[in-house]
Amino acid sequence: MYVWTMQTTAGWVCAARSSRGLAALTLPQPAEQDSLRQLVDLGVKGDYIIKPPGAKNELRGLEEALNRYFNGMREDFDFAVDWSVYTPFQREVLRVVHKIPYGSLLSYGQVAALAGYPRAARAVGGALGSNRILLVIPCHRVIRGDGTLGGFGSGLEWKARLLALEGNAAGPGGRYSLSRLD
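To start, this report covers the structure provided alongside it. This one's a predicted model, so the numbers in the text were calculated from it and none came from an experiment.

Cut-off values and rules
Residues numbered from 1 in each chain as written. Predicted model: local features only at pLDDT ≥ 70, side-chain atom pairs only at ≥ 80, totals over all residues. Heavy atoms only, no water. Helix = DSSP H or I, 4+ residues; strand = E, 2+ residues; numbered from the N terminus. Rg over C-alpha atoms; globule rule 2.2 N^0.38 Å. Core = buried A, V, L, I, M, F, W, Y, C linked by side-chain atoms within 4.5 Å. Buried < 20%, exposed > 50% of the residue type's maximum accessible area, 1.4 Å probe, protein only. Contact = heavy atoms within 4.5 Å. Phe/Tyr/Trp six-rings, centres within 6.5 Å; stacked < 30°, edge-to-face > 60°. Lys, Arg positive; Asp, Glu negative; His and termini not counted. Salt bridge = Lys/Arg side-chain N within 4 Å of Asp/Glu carboxyl O. Polar contact = N/O pair within 3.5 Å; in protein donor to acceptor, adjacent residues only side chain to side chain.

Per the secondary structure count, the protein chain includes six helices and six strands. The helix and strand sequence of the protein chain, counted from the amino end, reads β-β-β-α-β-α-α-β-α-α-β-α. The C-alpha atoms of the protein chain give 16 Å as radius of gyration, which agrees with the globular expectation for 182 residues (16 Å, within 12%).

Pasting the structure below:
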């Protein structure tokens with residue numbers, strides 16, 4: 001596993017990659033060491049090598065993409081993901097979430113249905129809690145069916161901040177509008 005830090009316009013971000021792709025990505029932190037600690041909180045432990053991606057590595061553009069995103073520009077984060085760190089159910093759920101477009105919001109129930117488990121909305125929440133590749137797998141775009149935020153491992157303040165960055169504002173009663181499944 002290779003790990004590197006990036007100083008973005010929003011703070012320090014830490015990423016981990018394997019030969020298969022991105023394995024973890026932190027949210028911005030005030031200090032570089034904080035981003036490395038958050039990586040451990042996401043489950044990246046043990047021996048790793050601190051080494052940024054080389055010029056020919058497809059993850060080379062991640063820092064630029066993060067800066068565009070945190071500067072309020074639309075970014076789809078089309079980077080290779082190492083899906084091997086997840087269980088089969090988590091993979092199914094996170095693959096659905098990976099495809100939620102920028103600015104769109106789905107409910108836990110909608111994600112469960114799209115993943116092929118229409119009665120597993122609560123289990124979807126658990127699968128989202130296993131997400132180690134924040135922003136690239138945009139679990140912040142999944143909210144409760146009633147339009148309230150639901151949960152977020154990094155805290156609801158971060159979830160609301162990311163949604164606002166993407167143009168989603170809470171309406172009356174702090175509720176957000178869900179996107180339609182067409």
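Counting 43 residues, the largest nonpolar core has Leu 25 and Leu 62 as its most contacted members. The set of elements that each furnish at least two residues to this core consists of strand E1 (2-8), strand E2 (11-17), strand E3 (22-25), helix H2 (62-70), helix H3 (88-98), helix H4 (108-114), helix H5 (121-129) and helix H6 (156-165). The element contributing the most residues to this core is H2, with five residues. With sequence-adjacent residues up to four places away left out, Leu 25 is seen in contact with Met 6, Val 13, Cys 14, Ala 15, Leu 42, Leu 62, Leu 66, Arg 132, Ile 133, Leu 134, Leu 135 and Val 136. Counting residues in each nonpolar core, the second largest holds seven residues, with Val 3, Leu 36, Leu 39 and Val 44 among its members.

Take unusual backbone geometry next. Even without glycine at this site, Phe 77 takes up a positive phi of about 50°. Residue Phe 77 is classed as buried on the basis of its relative accessible area, which comes to 2%.

Under the definition given, this model contains five aromatic pairs. An angle of 75° between the planes, with centres 4.9 Å apart, marks the rings of Phe 89 and Tyr 117 as edge-to-face. In this pair, Phe 89 is assigned in helix H3 and Tyr 117 in the loop between H4 and H5, connecting sequence segments 28 residues apart. By relative accessible area, which is 24% here, Phe 89 ends up partly exposed. Given the relative accessible area of 36%, Tyr 117 is considered partly exposed.

So, on to the side chain of Asp 82. Secondary-structure assignment places Asp 82 in the loop between H2 and H3. With no salt bridge to any partner, buried Asp 82 finds its closest opposite charge in Arg 20, at an N-O distance of 4.0 Å. In terms of polar contacts, Asp 82 uses its side chain to reach the side chain of Ser 84, at 2.5 Å.

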